[in-house]
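# Observations on the model geometry
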Amino acid sequence: MKKRNILIVVMDGLGDRAVAQLGGMTPLQAASTPNLDWFARNGATGIVDVISPGVRPGSDTSHLAILGYDPYEVYTGRGPFEAAGVGLVGKKGDVAFRCNFATVDANMVVTDRRAGRIKEPDTGELVSVLRDIRIQGVEVIVKEATEHRAVLLLRGDGLSAAVSDVDPHDETKIHECRPLRPEATKTAEIVNDFVRRSYDSLNRHPVNRRREQSGLPPANILLPRGAGIFPDIVPFNERNGMRGAVVAGVSLIKGIARVCGLEVVEVKGATGGLDTDVNAKADAVLKLLRERDFVLLNVKATDIASHDGDASKKVKVIERLDGMMGRIREGMGGDVVVAIMADHCTPIELKDHSGDPVPLVVCCEGMVKDGGVAFDEASCAKGGLGRIRGKDVLPILIDKAGRSEKFGA
Ligand code: ZN
Ligand code: ZN
């Protein structure tokens with residue numbers, strides 16, 4: 001059999017629960033989705049516990065599972081994936097932190113945790129004075145991220161992620177970074193030294209003078225939190241013998257992809273927001289499918305509408321994504337194995353992720369149609385793929401693509 005290429009489309013936070021406002025239907029049931037239903041009629045459906053039943057996944061752990069990894073083995077905290085999301089891909093043993101630019105007074109009491117929601121280009125200018133720092137022989141790398149956020153990466157020997165947060169998470173005195181295990185003493189000292197240096201350099205920085213003159217709070221300190229060590233991860237391509245690429249608008253998903261050694265393809269107009277250009281994403285995917293063995297497409301807009309708790313907005317977003325799937329269906333040709341799923345449910349009523357299973361459809365030529373007529377939570381629960389875990393999805397697709405190895409004689 002000729003090897004086929006694989007496409008996984010992840011509609012972020014797509015799954016939902018019965019919404020009273022929609023007459024007890026889920027947004028996916030309420031939306032008009034002729035293309036998604038076409039995939040359901042021509043493929044096999046099922047539901048997926050992306051991590052395991054009842055576990056509420058983050059988008060990071062869920063995408064690791066969808067990429068075939070066991071998140072309990074490879075997930076080492078959000079810091080490293082956040083860092084990779086802004087292009088700081090560490091090596092095994094590097095420790096990464098998420099940071100906020102914040103405002104503190106002379107007594108180190110936080111007066112604004114987001115420094116007046118400072119953003120680019122101010123944050124980029126501020127971090128430039130924190131370049132080329134070494135503390136106790138350890139390389140210290142800082143990079144600005146979205147809005148008031150930044151990432152801090154420590155590279156050197158004898159580091160540990162078992163340290164407490166400096167960010168007090170409210171407007172009180174900043175915390176001292178404490179080692180949570182004896183071997184983390186050096187790392188905690190480095191973090192405390194870095195935080196002091198960030199205050200010394202940022203407090204008198206011209207950008208902050210300018211901000212104060214315009215009545216804005218100065219971003220005069222960086223507050224690290226969420227330490228994580230870069231995982232020892234077998235690159236996706238090596239593990240699966242495929243050349244893969246990921247298309248995503250949001251940096252956390254790009255970070256996951258980069259840590260897994262996958263290429264991240266930037267698409268103009270793919271914003272990661274509600275206004276994302278779904279046609280541009282579809283066209284990018286179609287082009288990639290001709291050049292790569294594996295493509296994962298993440299669309300975040302469904303999750304955003306869900307966190308807003310806006311049922312009718314979620315229905316509209318789903319209908320736009322249905323149009324995107326129509327474009328992909330027309331352009332992809334017969335030699336592709338397609339899976340469409342969510343990375344977790346984000347029920348409108350919760351405005352947050354839940355542990356409910358998500359709908360899945362797998363479609364390719366030669367598929368045994370399982371009688372599914374619609375792509376939604378209830379119809380997929382009756383499908384032939386049954387109820388599986390997130391990390392089981394990729395092996396199924398690899399087998400359908402004629403790329404699996406036989407177990408036994
Ligand atoms: Zn998600
Ligand atoms: Zn979410």
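Please refer to the structure placed before this passage.
What counts, and at which threshold
Residues numbered from 1 in each chain as written. Chains lettered and ligands numbered in written order. Predicted model: local features only at pLDDT ≥ 70, side-chain atom pairs only at ≥ 80, totals over all residues. Heavy atoms only, no water. Helix = DSSP H or I, 4+ residues; strand = E, 2+ residues; numbered from the N terminus. Rg over C-alpha atoms; globule rule 2.2 N^0.38 Å. Buried < 20%, exposed > 50% of the residue type's maximum accessible area, 1.4 Å probe, protein only. Contact = heavy atoms within 4.5 Å. Areas by Shrake-Rupley, 256 points an atom, 1.4 Å probe, with all protein chains shown as cover. Lys, Arg positive; Asp, Glu negative; His and termini not counted. Charge placed at Lys NZ, Arg CZ, Asp CG, Glu CD. Donors = N, O, S within 2.8 Å, 3.2 Å for Na, K, Ca; no water. Tetrahedral: all angles 85-135°; square planar, octahedral: opposite > 155°, others 65-115°. Core = buried A, V, L, I, M, F, W, Y, C linked by side-chain atoms within 4.5 Å. Domains from an automatic or database assignment.

A word on the overall build of the chain. The secondary structure content of the chain amounts to 15 helices and 14 strands. Here the C-alpha atoms of the chain give a radius of gyration of 23 Å, agreeing with the 22 Å that 2.2 N^0.38 yields for 409 residues. Along the first, second and third principal axes, the C-alpha atoms of the chain reach 70 × 55 × 35 Å. The burial tally for the chain puts 58% of its 409 residues in the buried class. Within the chain, contacts between residues at least 6 apart in sequence are counted, and of these 74% link residues at least 24 apart. Element-wise, carbon and sulfur atoms account for 48% of the exposed surface of the chain, whose accessible area totals about 16800 Å². In the chain, 55 side chains carry a positive charge and 56 a negative one; their mean positions are 2 Å apart.

Here we come to the coordination of the zinc ion (ligand 1). On the protein side, the zinc ion (ligand 1) has Asp12 (OD), Ser59 (OG), Asp343 (OD) and His344 (NE2) as donor atoms, found 1.9 to 2.0 Å from it. One way to put it: the 4 donor atoms around the zinc ion (ligand 1) meet at angles of 101 to 126 degrees, and that makes the site tetrahedral. The zinc ion (ligand 2) is placed at 4.7 Å from the zinc ion (ligand 1). Here histidine 344 lies in the loop between strand S12 (336-341) and strand S13 (358-363) and serine 59 lies in helix H3 (residues 59-66), a separation of 285 residues in the sequence. By relative accessible area, histidine 344 is classed as buried at 0%.

Note on the zinc ion (ligand 2): its protein donors are Asp303 (OD), Asp303 (OD), His307 (NE2) and His353 (NE2). The metal-donor distances range over 2.0 to 2.8 Å. Note that the zinc ion (ligand 2) binds 4 donor atoms; their angles at the metal cover 51 to 141 degrees, and the shape is irregular. The exposure class assigned to aspartate 303 is buried, which follows from its relative accessible area of 3%. Given a relative accessible area of 31%, histidine 307 falls into the partly exposed group.

This paragraph deals with the nonpolar core. Ranked by size, the top nonpolar core spans 102 residues in total, and within it Ile8, Phe294, Met324, Ile328 and Ile340 carry the most contacts. Formed jointly, this core draws a minimum of three residues from each of two domains, domain 1 (5-75 + 232-400) and domain 2 (82-229). Once residues lying within four places of it in the same chain are set aside, the contact partners of isoleucine 8 are Ile66, Phe294, Val295, Leu296, Leu297, Ala339, Met341, Leu394 and Leu397. In this structure, Val104, Leu126, Ile190 and Tyr199 belong to the second largest nonpolar core, which totals 41 residues.

Counting buried residues in H3 gives 8 out of 8 residues, a clear majority hidden from the surface. Among all positions in H3, only Ser59, Asp60, Thr61, Ser62, His63, Leu64, Ala65 and Ile66 are buried. Where H3 terminates, the next one or two residues include glycine 68, which has phi positive at roughly 95 degrees.

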